[in-house]
Amino acid sequence: MVAAFGLVLGLGTTVNAVFAFGEEFGWRGYLLWELAPWGFWKASFTIGALWGVWHAPVIVAGYNYPSFPAIGVVAMTIACISFSPVYTYLVVRSESILAAALLHGVFNGSAGLVIAYAVAGDAVLSELVASPVGAAGIVAFGLVGVGIALSDPPSLTREFAHDTAPSA
């Protein structure tokens, strides 16, 4: 288990993060700055909804929720909505999409590890409940989102966007 965790961290912060960087550049390197005038929460939830729907083709093709492709699109969209404030928080606080790309890479890498230990033979439990993009992940990221809300959510304003947006 320790070796698997090390592999997840190693691959997550390198190979997986490179692929995740592409997504994060679009969602939080470009779109976040365009939606900055909407504020932290509205921009985060909008990006999360778009991010979830963006995954629809691979979900329908059987990725993440192979037993439930239609429900999977809804579940992935809800999951991305719950993940998005955490990723947005990291980007705003670090002023870099690299933080989100690293989290995204490690998250994607760990998903396979978690699924490997899920209950075999029970599709509902392993795909919709115990999966990192199922109820377990939604609740975990949702709780972090509540923590952000209870602490001091970062302000997202037009001025912030212009001061930190990637230069063209």
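Here, the structure is the one placed above.
Below is a short write-up of the structure.

### Regarding the overall build of the chain
Thought 1: Scanning the chain from N- to C-terminus turns up nine helices and zero strands.
Thought 2: Counting over 168 residues, the chain shows a buried share of 42%.
Thought 3: Counted over contacts in the chain with a minimum sequence separation of 6, partners at least 24 positions apart contribute 74%.
Thought 4: Accessible area for the chain stands at about 8600 Å²; split by element, carbon and sulfur atoms hold 73% of it.

### Focus on helix α8 (residues 135-150)
Thought 1: Over its 16 residues, α8 runs 22 Å from end to end, which matches the ideal 22 Å to within 8%, given 1.5 Å per residue.
Thought 2: Looking only at α8, the buried set comprises Gly 137, Phe 141, Gly 145 and Ile 148. Looking straight down α8, one finds that the buried residues subtend no more than 65° of arc, so they occupy a single side. Facing away from the buried side of α8 by over 90 degrees, the exposed positions are Val 139, Leu 143 and Leu 150.

### Here's the deal with helix α3 (residues 40-54)
Thought 1: Taking 1.5 Å per residue as the helical rise, α3 with its 15 residues ought to reach 21 Å, and the 21 Å between its terminal C-alpha atoms agrees with that figure.
Thought 2: The set of residues buried in α3 consists of Phe 40, Ala 43, Ser 44, Ile 47, Gly 48, Trp 51 and Gly 52. Here the buried residues of α3 occupy an arc of 160° about the axis, which is enough to place them on one side.

### Overview of the packing of helix α5 (residues 69-94) against α8
Thought 1: Two elements in contact, α5 and α8, have axes separated by 9 Å at closest approach and are oriented at 35°. The way α5 lies across α8 gives a crossing that is left-handed. From α5, Ala 75, Ile 78, Ala 79, Ser 82, Phe 83, Pro 85, Val 86, Tyr 87 and Tyr 89 reach across to α8, where they touch Gly 137, Ile 138, Phe 141, Gly 142, Val 144, Gly 145 and Ile 148.
Thought 2: Across the contact of α5 with α8, the residue classes tally to 12 nonpolar, four polar and no charged.

### Let's talk about the side chain of Arg 28
Thought 1: Here Arg 28 lies in helix α2 (residues 15-35).
Thought 2: Here the side chain of Arg 28 touches Glu 24 through a polar contact of 2.5 Å, side chain to side chain.
Thought 3: Apart from the residues within four sequence positions on either side, Arg 28 is in contact with Trp 33, Ile 47, Trp 51, Ser 84, Tyr 87, Thr 88, Val 91, Ile 97 and Ala 100.

### Some words on unusual backbone geometry
Thought 1: Even without being glycine, Asn 64 reaches a positive phi, approximately 75°.
Thought 2: Positionally, Asn 64 belongs in the loop between α4 (56-60) and α5.
Thought 3: Owing to a relative accessible area of 18%, Asn 64 belongs among the buried residues under this scheme.

### Describing the nonpolar core
Taken as a class, soluble globular proteins show a tendency for nonpolar side chains to be buried jointly.
Thought 1: Ranked by size, the top nonpolar core spans 31 residues in total, and within it Leu 32, Tyr 65, Phe 83, Tyr 87, Val 133 and Leu 156 carry the most contacts.
Thought 2: Within the residue set of this core, elements represented by two or more residues are α2, α3, α4, α5, α6 (97-116) and α8.
Thought 3: Among the elements that make up this core, the one with the highest residue count is α5 (10 residues).
Thought 4: Setting aside residues up to four positions removed in sequence, Tyr 87 forms contacts with Glu 24, Arg 28, Trp 51, Ala 100, Leu 103, His 104, Phe 107 and Phe 141.

What counts, and at which threshold
- Residues numbered from 1 in each chain as written.
- Predicted model: local features only at pLDDT ≥ 70, side-chain atom pairs only at ≥ 80, totals over all residues.
- Heavy atoms only, no water.
- Helix = DSSP H or I, 4+ residues; strand = E, 2+ residues; numbered from the N terminus.
- Buried < 20%, exposed > 50% of the residue type's maximum accessible area, 1.4 Å probe, protein only.
- Contact = heavy atoms within 4.5 Å.
- Areas by Shrake-Rupley, 256 points an atom, 1.4 Å probe, with all protein chains shown as cover.
- Expected span 1.5 Å × (residues − 1).
- Arc of directions from axis to C-beta.
- Axes fitted to C-alpha atoms, helices over the stretch in contact; angles between N-to-C directions.
- Left-handed = near helix turned anticlockwise from the far one by under 90°.
- Nonpolar A, V, L, I, M, F, W, Y, C, P; charged D, E, K, R; others polar.
- Polar contact = N/O pair within 3.5 Å; in protein donor to acceptor, adjacent residues only side chain to side chain.
- Core = buried A, V, L, I, M, F, W, Y, C linked by side-chain atoms within 4.5 Å.

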